[in-house]
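Per-entry structural report
Chain by chain, the residues:
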Amino acid sequence: MSIARNLDVIIFGASGFTGKYAILEGVKVLAGLKWGVAGRNKEKLSSTLAEIGQKVNTDLSGVPIVLADVGNQKSLVQMAQQCRVVVNCCGPYRLYGEPVIQACLEAETNHVDVSGEPQFLEGMQLKYHEAAAEKGIYLISACGFDSIPADMGTVFLEQQFDGVVNSVEAYVTSKMKGRREMGFIHYGTWASAVHAIANMDEVGKIRRDLFKTKLPEIEPKLKEKSAIHKSNAGKWSLPFMGADRSCVMRTQRFFYETENKRPLQMKAYISFGNFVEVCAVSFVGAIFWLLVKSSLGQNLLLNYPRLFSLGAVSHEGASEEAMNNTFFTLHFEGRGWEEKLSDPKEKYSYPPNKVIQTKVSGKNPGYGATCVALLLSARTILQESDKMPGRGGFLTPGAAFAKTNLIQQLCENGFTFEVVSKAKL
């Protein structure tokens, strides 16, 4: 399809909470590119551009505005036809994501988003990967805090290992300088979690249909840590229920199937400041899990988020000051062998003999870092497609960007990727 596209990037859902931060970061990250914004309300979009323009002391009145609505498929296709990459900020993606992907497929336009909902990610891969590959376009989800740090962090660890990695354990921590304010989690994030966990039962069937062949048995097995445990750094921790592990393992499967690479094992955890905090989170999680299994419970969670999150969730989200004073780190520990085997199905006759510790860090994980990673993903598609898998498809960030300069670009825009230590076992 030959379409005259007058824009490189369109930020869809630009007047929403995430969309506003995408515009804010886009002033720098998309410099030199032709970009516009899209949504269903022209007045709100104009107001948002004026608000962000004032904040960054830049006149954004000339930024093109495109009207598009997830309830109007024709408008989504017309939007997608005007650009080379749609940056989709309109969630929850389970409710609103698929029509945008369908429009991008029809318009043969690349697509990135910040979904962290495993059944959406894997369901869309099942339905649209082959169609995207046939059209030669990239549909890449999880390009925000879920799951660029985890997925590209694992890619970085393997690049630095110099050998074969058998297993990776990742612990995410966040710290807010100053007094932690109430309502620091935005309602949209909470709603996405409600819809995602309420429909977790779908994931098993999707995976059976998506992954027809099993990965080779990898030994030694990486065991799951107990529900509440201390990390190697001595921090109380819990299993991380987000999309990170799903994303990393789909990346590993991609490289096994396309490059015959031995897949690694990965477990993801979240660490807290003290035992009281981890108990409070466990309590909220238990109540959440009980309620989310029924429609009545889901309505209670969606209608009374502040109550059931013990004040952590609000429709306003965190203040700008709080977000800019929040810092995250993902600590990785990888174990494996210095020596390489010729066949990924072969088994080592001796235990891992090498360990590496790395970390990925940054600030404002929910929106600042998320939107930087999202926009850099879009920019990388535009500028480095020759270093990406040639066919296109519905891909994870790690599968799409492993051979590009995305990690370097992230490091130039507020992220840090670093090796902490290497040692022989």
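Report on the accompanying structure. (Residues numbered from 1 in each chain as written. Predicted model: local features only at pLDDT ≥ 70, side-chain atom pairs only at ≥ 80, totals over all residues. Heavy atoms only, no water.)

1. Considerations on the overall build of the chain
Formally: Helix and strand definitions here come from DSSP, where helices need a minimum of 4 consecutive H or I residues and strands a minimum of 2 consecutive E residues; each element is numbered from the N-terminal end. For the radius of gyration, the atom set is restricted to C-alpha positions; the globular benchmark scales as 2.2 Å times the number of residues to the power 0.38. Each residue's exposure class comes from its accessible area (1.4 Å probe, protein chains only) as a fraction of the maximum for that residue type: buried when under 20%, exposed when over 50%, partly exposed otherwise. By the convention used here, residues are in contact when the closest approach between their heavy atoms is within 4.5 Å. Computed with the Shrake-Rupley method and a 1.4 Å probe, the accessible areas treat only the protein chains shown as cover for residues. The positive count covers Lys and Arg only, the negative count covers Asp and Glu only, and His and the chain ends enter neither. Every charge is mapped to an atom, namely NZ of Lys, CZ of Arg, CG of Asp or CD of Glu.
In terms of helices and strands, the chain carries 16 helices and 16 strands. In summary, the chain has a C-alpha radius of gyration of 21 Å against a globular reference of 22 Å for 425 residues, a match within 12%. Projected onto its principal axes, the C-alpha coordinates of the chain cover approximately 65 × 50 × 40 Å. Relative to its full complement of 425 residues, the chain shows a buried share of 54%. Across the chain, contacts joining residues at least 24 apart in sequence account for 81% of those joining residues at least 6 apart. For the chain, the exposed surface amounts to about 19,200 Å²; the carbon and sulfur share of it is 52%. For the chain, the distance from the average position of its 48 positive side-chain charges to the average position of its 42 negative side-chain charges is 3 Å.

2. Some words on the pattern of salt bridges
Worth spelling out the cut-off: The salt bridge criterion pairs a side-chain nitrogen of Lys or Arg with a carboxyl oxygen of Asp or Glu, the two atoms within 4 Å.
As enumerated under the stated definition, the model contains 17 salt bridges in all. For Arg 84, the salt bridge identified is with Asp 8, shortest N-O distance 3.1 Å. Taken together, the residues span a long stretch of sequence, with Arg 84 in strand E4 (residues 83-88) and Asp 8 in strand E1 (residues 7-12) at a distance of 76 residues. For Asp 8, a relative accessible area of 13% puts it in the buried group. A salt bridge links Lys 55 to Glu 320; the shortest N-O distance between them is 3.0 Å. With Lys 55 in helix H2 (residues 42-56) and Glu 320 in helix H13 (residues 320-324), the pair connects residues that are 265 residues apart, well separated along the chain.

3. A closer look at the environment of Ser 314
Tracing the backbone shows Ser 314 in strand E12 (residues 313-314). Classification of Ser 314 as buried rests on a relative accessible area of 4%. The spacing of Ser 314 and Ile 185 is 129 residues in sequence and 6.3 Å in space, taken between C-alpha atoms.

4. What to know about the sheet that holds strand E11 (residues 265-271)
Put simply, the test is: The criterion for strand pairing is that DSSP finds at least two bridges linking the strands in question. For helices, the fitted line uses only the C-alpha atoms of the stretch in contact; every axis is such a line through C-alpha atoms, and the angle between N-to-C directions lies from 0 to 180 degrees.
Ordered in space as E9-E10-E11-E7-E13-E14-E16, the seven strands form an open sheet in which the pairing is mixed. Strand pairing shows two members of the sheet lacking a second neighbour, strand E9 (229-230) and strand E16 (416-424), which therefore form its edges. Here strand E7 (residues 164-176) runs beside strand E13 (residues 326-337); their pairing, made up of twelve bridges, is antiparallel. Each residue of the ladder has a partner; that of Thr 173, found in E13, is Thr 329. Along the sheet face, helix H6 (residues 148-161) touches E7, E13, strand E14 (354-363) and E16 and points at about 40° away from the line of E13.

5. A short note on a nonpolar patch on the surface
Rules: Any residue with relative accessible area above 30% and no salt bridge may belong to a patch, with like charges joined within 9 Å and the nonpolar Val, Leu, Ile, Met, Phe, Trp and Tyr side chains within 5 Å.
Residues Met 200, Met 241 and Trp 289 make up a contiguous nonpolar surface patch of roughly 310 Å² in combined accessible area. Residue placement: Trp 289 occurs in helix H10 (residues 275-291).

6. A few points about the pairing of strand E5 (residues 110-113)
Defined as follows: Crossovers are described as right-handed under a simple rule: with the strands pointing away from the observer, the path leading from the first strand over the helix to the second runs clockwise.
Here E5 shows no split at all, with Asn 110 and Val 112 on one side and His 111 and Asp 113 on the other all buried. Here E4 pairs with E5 via four bridges, running parallel. The residue bridging Val 87 from the neighbouring strand is Val 112, located in E5. Once you follow E4 into helix H4 (residues 93-107) and on to E5, the crossover reads as right-handed.

7. Some points on the environment of Phe 161
With respect to the secondary-structure elements, Phe 161 resides in helix H6. Exposure remark for Phe 161: the relative accessible area of 0% places this residue in the buried category. In contact with Phe 161, other than residues within four places in its own chain, are Gly 334, Arg 335, Gly 336, Trp 337, Lys 354, Val 355 and Ile 356.

8. Overview of the sheet that holds E1
Read from one edge to the other, the open sheet built from seven strands follows the order E3-E2-E1-E4-E5-E6-E15, with strand pairing classed as parallel. Of all the strands in the sheet, just strand E3 (65-67) and strand E15 (393-395) have a single pairing partner and so form its edges. Recorded for the sheet is a direction-independent mean angle of 20° between the axes of neighbouring strands. Examined bridge by bridge, E5 and strand E6 (residues 138-140) share two bridges and lie parallel to one another. Each residue of the ladder has a partner; that of His 111, found in E6, is Leu 139. Relative to E4, helix H3 (residues 73-80) is tilted by about 125°, and along the sheet it contacts E1, strand E2 (35-39), E3 and E4.

9. Focus on the packing of aromatic side chains
As a reminder of what qualifies: Two rings from Phe, Tyr or Trp (for Trp, the six-membered ring) form a pair when their centres sit within 6.5 Å of each other. Planes less than 30 degrees apart are called stacked, planes more than 60 degrees apart edge-to-face, and all others tilted. By definition here, charges over rings are those cases where NZ of Lys or CZ of Arg is within 6 Å of the ring centre and within 35 degrees of the ring normal.
A complete count under the given rule lists 13 aromatic pairs for this structure. Ring centres of Tyr 21 and Tyr 367 lie 5.8 Å apart, and the angle between their planes is 35°; on these two criteria the pair is classed as tilted. Placement of Tyr 21 in helix H1 (residues 17-29) and of Tyr 367 in the loop between E14 and helix H14 (368-383) is noted, with a sequence separation of 346 residues between them. Look at Tyr 171 and Tyr 269: their rings are 4.9 Å apart centre to centre, the planes differ by 20°, and that puts the pair in the stacked class. Of the two residues, Tyr 171 sits in strand E7 while Tyr 269 sits in strand E11, which places them 98 residues apart along the sequence. One exposure class covers both Tyr 171 and Tyr 269, and it is buried. Members of the aromatic cluster, each reached through a chain of ring pairs, are Phe 17, Tyr 21 and Tyr 367. Taking the ring centre of Phe 161 as reference, the NZ or CZ of Lys 354 above it sits at 4.9 Å.

10. Side note on the packing of H3 against H4
So the rule is basically this: Here is the rule for angles: anything less than 35 degrees is roughly parallel, anything more than 145 is roughly antiparallel, 65 through 115 is roughly perpendicular, and the remaining ranges are oblique. Crossings are assigned a handedness: left-handed for a near helix turned anticlockwise from the far helix by less than a right angle, right-handed for a clockwise turn. Under the grouping applied here, Gly and all other residues not named as nonpolar or charged are polar, the nonpolar ones being Ala, Val, Leu, Ile, Met, Phe, Trp, Tyr, Cys and Pro and the charged ones Asp, Glu, Lys and Arg.
Two numbers describe how H3 lies on H4: the axes approach to 8 Å, and their chain directions differ by 50°. For the element pair H3 / H4, the angle class is oblique. Relative to H4, H3 is oriented so that their crossing is right-handed. Along the contact surface, H3 presents Gln 73, Leu 76, Val 77 and Ala 80, while H4 presents Pro 99, Val 100, Gln 102, Ala 103, Cys 104, Glu 106 and Ala 107. Here the contact of H3 with H4 is built from residues that sort into eight nonpolar, two polar and one charged.

Function-wise, these values are silent; they only describe arrangement.
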